[in-house]
Structure formats: C-alpha cells, structure tokens
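Commentary on secondary and tertiary structure
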Amino acid sequence: MTAALPWLFALAAGSGLAAALYFTWRSLRAAFGAHVPEMQVAIESHARQTLLERKQALLASLSDLKFERDAGKVSAEDFEDVSASLRAQAKTVLRLLDEDVEPFRDRAKALLAEELGGEVDAPYRSAAPEPSSATSEPSSANTADPSADTEPSTNAAREDS
Amino acid sequence: MPAIDIPLFGNVILCLTLIASAYTLAMAIGAGRGRPQLLVSARFGTYATCALVFVGVCVLAYAFQTHDFRIRYVARYSDRSMPWWYLVASLWGGQDGSLLWWTFLLAGYTALTTRWMTGRLLELQPWVLATLMSIFVFFVVLMLFAANPFAIQPGSAGADGEGLNPLLQNYWMVIHPPSLYLGFVGWSVPFAFVVAALISGRLHEEWVLACRRWALIAWTFLSLGLLLGCVWSYEELGWGGYWAWDPVENASFMPWLVGTAYLHSAMIQERYGMLKVWNVFLMCLTFFMTIFGTFLTRSGLIASVHSFAKSDIGTYFVYYLAFLIVGCFALIAWRLPKLKATHRIESLLSREFAFLMNNWVLLGMMLFVLVATTFPLTSEWLRGEEVTVGPDFYNKWMVPFGLVLLLLAGIGPLISWRKASGKNLLRAMMVPAVFGLAAMALHLLFGASVGLPPMVESEEIYDTMTGRVLAGLQSVLPIVSTTLCTFVAICVLQEFWRGARVRMSRGEHLGPALARLISRARRRYGGYIVHLGVVVMYFGFTGAAYDQETEAALMPGDEMRVSDYRLRYDRPRTTVDRNKKMLFTDLTLLSSSGQTLGRVAPAKFIYRTHPEMPTTEVAIRSRAARDLYVIMSTVDPQSQRATFRVIVRPLVAWIWVGGLLLLLGSLIAMWPTTKEILRDRQRASSSSGVSIAAALMALSLAAPIGVWLLSPARASAQSDSSSSLHAGSVVMHNADERKLFARLLCQCGDCARLPLSTCGCGWAERKRAEIRQLVDAGKSLENIQTDYRAEFGAAAIAIPSDRGLDRALWAVPVGIALLAGGGVFLLGRRWRGREKPASKPDARDTTAAAKTTSAAKTTDYDARLDEELSRYEDQP
C-alpha cells in the first residue's frame, strides 16, 4: 500500500491534467466560435423545463396542504383559500405546458397518422384539453398530458458530453 | 513523475489554476451579460479549473508520500516515521496545505453544482459560476502570494522532516477537519445562487428552491464537523469536556447558527413569498461568517489552542471581507425594490412568526458569540488592554438563549401557518405539557436519589447582581431542562402521531404509515427528527451539572473511589512503536460490591520527533447513564507511583446519540425522492451533482460512526492517537484551589487560554506552587487574583470583570438582542395591521402566473389537475 500510493497519486495527477487539458480545449472552442447545438437546444427547452419544475413544486404544495388539513393543522377556510390560489397557478402552468407543445402537435399527428393510417386524431385530442375541445370532451379522466412526463431537455443535458 | 521538479510543477499548476479561474470568470460574466453561447465555454472552463486544483492536491499528496523535503510545507508537517494515513492527513494539517485542501473541496462542490445545473437555471447559471470562480481566484491568489504549499525550503532539504504535531496524530484528525471544511466550503454554493439571483434580478423563489438542498448539505457537514470536534475534544484533549468556546470552535459555530436561521426562514419565502430581504441577508451573512471564521483561525489575531501560526494572510482576508460586505450590501440595496414581500404576517400566533422568533434567538446567540470572541481585539483597540473571555462566561450566558431556542423547537411545529387560534394551540400543547410536568415531578421526587438532583450549586462569575442572576439560572438548569426536553420531545413525537393517524385513517397500519409519512414529506419530518436530536443533545449537556471528580496518587495494588466505582491500580507498562513510546497504567474497574466491571488504561505518549511534548491519553468507559473518564497525570517509572484524575460524567453518551439523530434527520430532509432521481436520470444524469453529494454525505456520516463502533479501545487509551494540549495532568487539592486556578490563565506564552486548573506545563506547575504558598500564608483569593491581574494584565484573567467597559461584553449583545426582539415584535404587529383580509395567501411570485391567472380560471383544467395530483400522491 505504502509503495503503491505515490504512483496512485501520480496517476491521479496525470488523469487530472489530461481532463484539464480536454476541458480547456472544449472551453476555448466554444468561446471562439465553434457551433454548440446543445446550447441552442438547452435554451429552447429551458422555458418548458422551468414550467415542469414549477408544476412539480405546485403539486407538492397542494399535496402538503391537503395533508395539513387532514391532520387538523389548517382550518377548512384557510385550506379553501390557499388551495384555490395554488390550483389557479397549477392550472396556468398546465395550460402553458400545453401551449408549449402546440407547435409540435400537428407534426406529431401527421407522423402518427402516417404510421397508423389516420386513426390517431380522436384519442390524441382528448389527451390535450383545449378551451374549445374541453367542453365537448369533458372529464377526460384518463387524459394525461403526453408531454408532462417526457422531458424534452434530454438533449440539452448532453451539453458536456 | 519522479523526473519532474515537483515544487516547480506544483507552482505551475497553481498559476494555471489562477489563469483558468480568471478566464472562466470572464466567460461567465460574458454569458451573464447577454452572450449565452459563452455559458458553454464557462462551464468547460469551470471543469478545467476544478481538474487543475485536483492535480495540485495530488501533487502535494505525492510529495508527502515520497518525503520530498525540498518543499517547506512537507518538511514542516511530516517525517519518515509517519504512516501513510497521517501523511495524507498532513495535507490539511498546516496553514498552506489546508488552503489548498479548502480550494480542492470548493472544486468538488463547484463541479457537482455545474453538473447539476446542466440544462436548468440558465439565467442564474452564468452568475453562479462567476461567483464561484471569484472565490477560486481569491484562494489561489492567497496561496500564490502568501501561503504557498509548494514553496521551497531555504537551503538544502533535510534528511527528515519535523513531523506532524503529535496533537494532530490521531484518527479524528483524518475525519474531523475534512467534514468541517466541507461544511464551511459548502456554503459557497448557496451564496453563489443568492449573488446570481441579486445580479440577474430573479429574486422570487427560484434561487431559494435551487439552493435548498445545497444549503442542507453544507449545514449537515458543518453539524457533522462540529459534532466530531466535540468527540475529538472529549476523547483526545484530556480535559474532560467537549466544548471549550475556543475562538476556533466559535468560528465554526457562528456560521452554523446563521445557517440554521436561514434554513428556517427560507421556508417562509418558499411558501408565502415573505422575508426576501432577510433571506438574502442571512445567506450572505452565513458565507461571510465562514470566511470570517477562517480569518480568525488563520490570522493568529486571537489566541486559540488550535489556531494556525501567525501569518500575514490576515491582510488578504480583511480585504476580501471588506469586498464581501460592500458587494453584498450594494447588491441588496440595488435590488431592494424587487425584494419586497408579496405577503405579510397575518398573526403573531403563526408559524411564520415562530420562525422569526427562532431567527431572532439564533442571531442573538451568534451576535453574543461574535462579540465575546472578538472582545479581546476590541478591548485592545479601544483601551489598549487585552482581555480574555473564558468558557465559564459563555456557559453562563448561553443558557437562557439555549432554553428559549429549545422551547421554540417544540412550539414551532405545533403552530399553524398564517394564523393559529389560541384555543387550538393550547389543545395541541396539552399532552406535551402534561408529560413535561410529570417529568418535572419525577425529577423533583426521585432525581436526588439517582444522583441527578433537580437543582445544583453554581458559582457566580461576577460579584454583582448579574452574576447572581446567572448563577441562579444555572442552578435550576437541570429541572428546567428535564421539563423542557420532555415537553419538546413529546411535541415532536405528537406531530409524527398526528401525521400517522391521517394515513391510518386511510387504512394503513402504523409502521407503513409512519414510513410513508416520512418518505412523503422528507423535509418536514427530517426536520422534526433534527429537533428530536437537538432535544436529546440538550439533555446530554445537562449532565455536565452532575460531574464528580476525584484525584489520587496510587501505588500498584492501591484503590480509589469515585461515585459508586472503585478503581484498582494494577501496574504501569511500556510499549514502543516506530513513531512513539507509550507508557500505560493498567487499572481494574470494580463496582462498589467488588465485582469486576472492566479495565481501563490511561497513558502518556512520547513521540520520537517531539519528545518535549508528551501527550496525555485518557481512558473512557462510556455508558448510557454516565461516562467514566480516567486521566493519568503522572507516573514514576522507578517507584511505579502514579497520580490519577477520574471524572464521572453523566449523560455524555446522549450528546452523541442526539448528534446522530440530528444528522440522520438532515440526511432524510435532503435525500432526493424516487421521482426526482428518475426525472433527473431522464435529464442525462444531470442530477448526479446532488445525488453524488448526498451519497458522499452518507458515506462521511457512516465513516465516523464506523470508527466509533469498531474502535476496540473505548475503555483504554488509543494506541495510535494523542494529545492533551498540556492539559489533564493537574492535581487540585480543594474547591477553593479549583475556583481560583480556573480564573487564572497560564502565562508561559505557549498555552494560550488554558487556565491554571488544567494547564500541565512547567510554568503553570511552578505558578500553582507559588500561589499555594500564598494561600497557606493566609492571602485571600480575591487579593491573589488582583495581584495576578496586576502582574500579567487583564488578559491573564479568564473572565473580564462586570465593571466599566468590560460590562460591554455582555451588555452590547444583550441590548442589541432585546432591541431586535422588540423590533421583530413591532414589525410583526405592523405587518399584521396592514394585511388585507381578502388577500390571497400563497400566490407565488411567478410572472407567468401573474399574467395568466385569469385565463386559467376560465379554463377547465380541474380534472386534469386532480389527475396529476392523484398521480403525484400515489408515486413511491
């Protein structure tokens, strides 16, 4: 162990130096004009990412509030008051998330139709309640936002790789 | 690598680190000022900087392992006889190396934070990186120009080094400083977030959420470092205590207090958008205190038993601290309009206000410790007279603060957010109050019979009314503490029960209900476990009131008694390893009926490189009810006569158990949920930052626990450890001697802050003999103290007087704390008065929400939201 340790530290130092050189080269390339497509993707998906995180935070707050009411720590009046405010914000976020995927909807629909022969329109519409369609297709119980759990920023996260 | 000139290579690496960090700082500022493509460059630059620091640490570690004594730092802090683990620990054993170690830990945090920020917080990210890089620049400049760990020795390299100070050669040295540094350095990350929020103007809850877990990580490491410091002090320093209010200890305690205040008040901003200015201020103050603490430790301005040598790096710190003050205040003033709260406190009987009170107490404690720690300097500047503030002063004054804080830890969780009714609160407090009163009654009735009387005698630190009041408080501390600890513990347990009952009403059994309760609301219940840990620790602290101490000189075969133990001195024995000579004294521990309970072997170690500094090794037998703490003061190898000091310390083990509970609670509070881990995995493992940090933390928590559990020598001196700091080898003949010597400090020049009652150096021994002659001649204790002060100055007395400017020591912090308390109360009333009843309580400062709330109301997303909520609640 004692004899191997200096060499281990030497090896670690060498690896660190190699890593430092690699990152410096990548940094200089990015600084002096190399195209960084990942950055563009990151910027584009950032707004959606923020909304998704906001949605999670609001769901956590609502769940927490419900628990506090059940535990008798918040009065019914306060619960209604706070819950109404949180729900209004959560619904706003859901709507903004829907609007965010709207430009891709037609393209996705076309691709699906191409694959499935035009049978995707009805179920897809029910999955994304819009002001116009919400009334015609109320209580879409199984309608989860298809994008809600599909993180669009996967590519963005590859910025460093 | 051997062909390379290691000192030169190390210096080149430091220069490259400075260039890389300055370049990254420039790129990050460019990215923040509207050129987002530079962010990628800044991110890679950050990684490059961190890698270079890593190389620097590896080079220094290599130099230690190969005994490259050309390097001054290596020659000064190692020698050829040291085992490899102490050679690794030498990295942070001295000033220069510990600065490199500090920068290395900062590099670790920075790399993890950068990884974690991949694809998120794009507006904050450039400024976060810029802030972190500016900290790098400061520390690398410090190393290059004032404390270079690769500096070469003048003249030719010696054949061997001076060796690490024997006081530092024990396993706690390997564990304690890294964990403390991790706590100190960790606050850089949340500080970077707050600076980024201030510069970018994004001051709603985003930054609070972003740095929530990072703040918890820093806080937990700081708590771990403090706890390990207590264990080290208790097991190794040989004076029988775990906290001496030394300036270096205080330097770690102050950021912990402010950080704790921040963790509480941040919750209010997250929930109600209040206290924005306050949170920003607290975070800046926490970081400031970490740098200030480092300055205190390293500048050598204040005498401390474990500060580094005096150096000129203090000047650099002063400039940096001034820069921090000016910078932070300028940023806060600039962003003040954006820091306005969106809501006000509705009632003084609310959890928000309880948190404010908690902040007030914590900040009051911090202020008190700060004033007392810096009082020697202040006194010297103001009146040219240096004074010393000893541990008795803190112990007496911190009691009231501690009790109020403990009470708040119990009441806080019971109060509802926004507005609690007095009736509901009283109902919630009923059961804990009954238990508390029952505990009080039991203590009053049976305490004395089990050796834990409800009230104890306490000495006055001043001969004034203030001294009498403080002594009075101290004397009733046991009974008050028992009552409050029980009350608070039941308050916390009641919260678990209330939560579990809700889940049980949905058909779950108690066990799974409790498990899911904690798993679903980790931060809340993790926090409650932390509160429980604090209660248990506080109960342990109370045990100090019941210490029993006996000293005796024994020949082999002789016995001594302490409490209901008997100790038989069997024999001395000597063992030698390549590093030191170890002189043990074997004792058999017997019960009062003569039954053998075990063996203990306190010792003296004499190190090869420091024969002039023999260290005292205590032997501890630890049990839940009490510890037996045995110190061997002297032993004569010829006659085999030995003198022993034995202390029975009740409830000490509770402190360590409480500490573990506290750490467990904070680990639960920060641990990511399955959903978070899965979501982050989808983000190409970008969460690995926090996950790795949490995993590292679990590992670092497990390491000391493992050491503690596996240590085979719990009841004997550690054969591979050391240290007494000249303490633990003093024999007192009576209570008057103890009282007098505790007030007089050793003036030999090396034993800073050590009272004559514990200092074992030759000067102290001679002085004690002189003073004993004076006492025998009939001189009063007061006159002896007055003469001692006249001869050596006010700094030679452990506690300043309660007269003149000395009184400012307690009057200033108490006055400010009272004023601040009044201010908090008036502010709360004013806020409450302004609150409009119809206002919405939790409308967060979300721009998008503000713009489109009305639109959302018209849209029927309710069913969708219920679905999402149901899915959220069903997930593991």
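Higher on the page you've got the structure.
These lines cover the structure that appears in this document, whether it is placed above or below. (Residues numbered from 1 in each chain as written. Chains lettered and ligands numbered in written order. Predicted model: local features only at pLDDT ≥ 70, side-chain atom pairs only at ≥ 80, totals over all residues. Heavy atoms only, no water.)

1. Describing the overall build of chain B
A count of helical and extended segments in chain B gives 28 helices and 10 strands. Taking contacts inside chain B between residues at least 6 apart in sequence as the whole, the part at least 24 apart equals 75%. About 33300 Å² of surface is accessible on chain B, with carbon and sulfur atoms providing 63% of the total. (Helix = DSSP H or I, 4+ residues; strand = E, 2+ residues; numbered from the N terminus. Contact = heavy atoms within 4.5 Å. Areas by Shrake-Rupley, 256 points an atom, 1.4 Å probe, with all protein chains shown as cover.)

2. Some details on the environment of B:Leu554
Residue and element names in this part refer to chain B. By the element assignment, Leu 554 lies in strand β1 (residues 548-554). Spatially, the C-alpha atom of Leu 554 lies 7.8 Å from that of Phe 644, the residues being 90 residues apart in sequence. When sequence neighbours within four positions are dropped, the list of residues in contact with Leu 554 reads Glu 559, Met 560, Tyr 569, Gln 640, Arg 641, Ala 642 and Phe 644.

3. Section: the sheet that holds strand β8 (residues 619-622) of chain B
Residues and elements named next belong to chain B. Here 4 strands make up an open sheet; going across it, the order is β1-β10-β9-β8 and the pairing antiparallel. Both edges of this open sheet fall to β1 and β8, since each of them pairs with a single strand only. With strand direction ignored, the average angle separating the axes of adjacent strands in the sheet is 15 degrees. (Pairing = 2+ DSSP bridges. Axes fitted to C-alpha atoms, helices over the stretch in contact; angles between N-to-C directions.)

4. Here's the deal with helix α7 (residues 171-186) of chain B
Taking 1.5 Å per residue as the helical rise, α7(B) with its 16 residues ought to reach 22 Å, and the 23 Å between its terminal C-alpha atoms agrees with that figure. Here α7(B) lies mainly inside the structure; 15 of its 16 residues are buried. (Expected span 1.5 Å × (residues − 1). Buried < 20%, exposed > 50% of the residue type's maximum accessible area, 1.4 Å probe, protein only.)

5. Focus: the pattern of salt bridges
Evaluation of the coordinates by the stated rule reveals 38 salt bridges over all chains. Salt-bridge contacts for A:Asp70 lead to B:Arg506; the nearest nitrogen and oxygen are separated by 2.9 Å. Note that A:Asp70 is positioned in helix α2 (residues 37-70) and B:Arg506 in the loop between α17 (477-504) and α18 (510-520), a pairing that runs across two chains. A residue is classified by how much of its surface remains accessible, and A:Asp70, at 33% relative accessible area, is partly exposed. Residue B:Arg498 pairs with B:Glu495 through a salt bridge whose shortest N-O separation is 3.3 Å. You can see B:Arg498 and its partner B:Glu495 sitting in helix α17, 3 residues apart, about one turn around the helix. Assigned by exposure class, B:Arg498 and B:Glu495 land together as buried. Ionic contacts of the salt-bridge type, sharing partners, join the residues A:Arg87, A:Lys91, B:Asp862 and B:Asp866 into one network. (Salt bridge = Lys/Arg side-chain N within 4 Å of Asp/Glu carboxyl O.)

6. Considering the packing of aromatic side chains
Evaluation of the coordinates by the stated rule reveals 51 aromatic pairs over all chains. Plain terms: the ring middles of B:Phe138 and B:Phe317 are 5.4 Å apart, the flat faces sit at 80 degrees to each other, and that makes the pair edge-to-face. Taken together, the positions of B:Phe138 in helix α6 (residues 125-145) and B:Phe317 in helix α12 (residues 313-334) put the pair 179 residues apart, joining distant regions of the chain. For the residue pair B:Phe138 and B:Phe317, the accessibility class agrees, reading buried in each case. Note on B:Trp763 and B:Phe792: the rings are 5.6 Å apart at their centroids and 70 degrees apart in plane angle, and the pair reads as edge-to-face. Linking B:Trp763 in helix α24 (residues 762-776) with B:Phe792 in helix α25 (residues 781-792), this pair joins segments that are 29 residues apart in sequence. Given the relative accessible area of 21%, B:Trp763 is considered partly exposed. Counting every residue linked through ring pairs, the aromatic cluster contains B:Trp219, B:Trp243, B:Trp245, B:Phe253, B:Trp256, B:Phe368, B:Phe393, B:Tyr394, B:Trp397, B:Phe401 and B:Trp810. The ring of A:Phe79 has A:Arg69 lying over it, and the distance from NZ or CZ to the ring centre is 4.2 Å. For B:Arg335, the ring lying beneath its charged end belongs to B:Trp334, and the centroid distance is 3.8 Å. (Phe/Tyr/Trp six-rings, centres within 6.5 Å; stacked < 30°, edge-to-face > 60°. Lys NZ or Arg CZ within 6 Å of the ring centre and 35° of its normal.)

7. Focus: a nonpolar patch on the surface
Taken together, the side chains of B:Leu8, B:Val12, B:Leu16 and B:Ile19 present a nonpolar region at the surface, about 350 Å² in accessible area. Within the fold, B:Leu16 resides in helix α1 (residues 6-32). (Patch = residues over 30% accessible without salt bridge, like charges linked within 9 Å, V, L, I, M, F, W, Y side chains within 5 Å.)

8. Section: the environment of B:Val195
Residues and elements named next belong to chain B. Structurally, Val 195 can be placed in helix α8 (residues 188-200). For Val 195, a relative accessible area of 8% translates into the label buried. Taking the C-alpha atoms as reference points, Val 195 and Ile 332, 137 residues apart in sequence, are found 9.3 Å from one another.

9. Description of the packing of α6(B) against α12(B)
All names here are of chain B. One can describe the packing of α6 onto α12 by two numbers: an axis separation of 10 Å at closest approach and a directional angle of 160 degrees. When the axes of α6 and α12 are compared, the pair comes out roughly antiparallel. Here α6 runs over α12; the crossing is right-handed. Contacts between α6 and α12 pair Ile 135, Phe 138, Phe 139, Val 141, Leu 142 and Phe 145 from the former with Ile 313, Tyr 316, Phe 317 and Tyr 320 from the latter. When its residues are assigned to classes, the contact of α6 with α12 shows 10 nonpolar, no polar and no charged. (Parallel < 35°, antiparallel > 145°, perpendicular 65-115°, else oblique. Left-handed = near helix turned anticlockwise from the far one by under 90°. Nonpolar A, V, L, I, M, F, W, Y, C, P; charged D, E, K, R; others polar.)

10. Quick word on the packing of helix α9 (residues 206-236) of chain B against helix α10 (residues 247-272) of chain B
Two quantities define a packed helix pair, namely the angle between the helix axes and the distance between the axes. Residue and element names in this part refer to chain B. Look at α9 against α10: their axes get within 10 Å of each other, and the N-to-C directions meet at 150 degrees. In terms of orientation, α9 and α10 fall into the roughly antiparallel class. Here α9 and α10 pass one another in a crossing that is left-handed. Each of Trp 207, Val 208, Leu 209, Cys 211, Arg 212, Ala 215, Leu 216, Trp 219, Leu 222, Ser 223 and Leu 226 in α9 lies in contact with α10, whose residues at this interface are Glu 249, Ser 252, Phe 253, Pro 255, Trp 256, Gly 259, Thr 260, Tyr 262, Leu 263, Ala 266, Gln 269 and Glu 270. The class makeup of the residues in the contact of α9 with α10 is 15 nonpolar, 5 polar and 3 charged.

11. Here's the deal with the nonpolar core
Membership of the largest hydrophobic core comes to 189 residues, with the highest contact counts inside it found for B:Phe193, B:Trp207, B:Tyr262 and B:Phe393. The leading source of residues in this core is α9(B), at 20 residues. If sequence neighbours within four positions are ignored, B:Trp207 has contacts with B:Leu124, B:Phe193, B:Val194, B:Ala197, B:Arg202, B:Tyr262, B:Gln269, B:Asn279 and B:Val280. By size, the runner-up hydrophobic cluster in this structure holds 31 residues, among which are A:Phe67, B:Ala420, B:Ala521 and B:Val535. (Core = buried A, V, L, I, M, F, W, Y, C linked by side-chain atoms within 4.5 Å.)

12. Quick look at the side chain of B:Thr114
Residues and elements named next belong to chain B. The residue Thr 114 is located in helix α5 (residues 95-116) in this model. A residue is classified by how much of its surface remains accessible, and Thr 114, at 0% relative accessible area, is buried. Only 2.6 Å separates the side chain of Thr 114 from the backbone oxygen of Thr 110, close enough to count as a polar contact. Excluding anything up to four places from it in sequence, Thr 114 contacts Arg 43, Thr 46, Tyr 47 and Leu 129. (Polar contact = N/O pair within 3.5 Å; in protein donor to acceptor, adjacent residues only side chain to side chain.)

13. Considerations on unusual backbone geometry
Generally, phi is negative for residues other than glycine and the peptide bonds are trans, each holding for most cases. Residues and elements named next belong to chain B. Its identity is not glycine, yet Leu 121 carries a phi of approximately 50 degrees, on the positive side. With respect to the helices, strands and loops of the structure, Leu 121 is situated in the loop between α5 and α6. Take Leu 121: its relative accessible area is 9%, and that puts it in the buried class. Not every positive phi belongs to a glycine, and Ser 563 is a case in point at roughly 50 degrees. Position of Ser 563 among the secondary structure elements: in the loop between β2 (559-562) and β3 (565-576). When its relative accessible area of 34% is taken as the criterion, Ser 563 is described as partly exposed.

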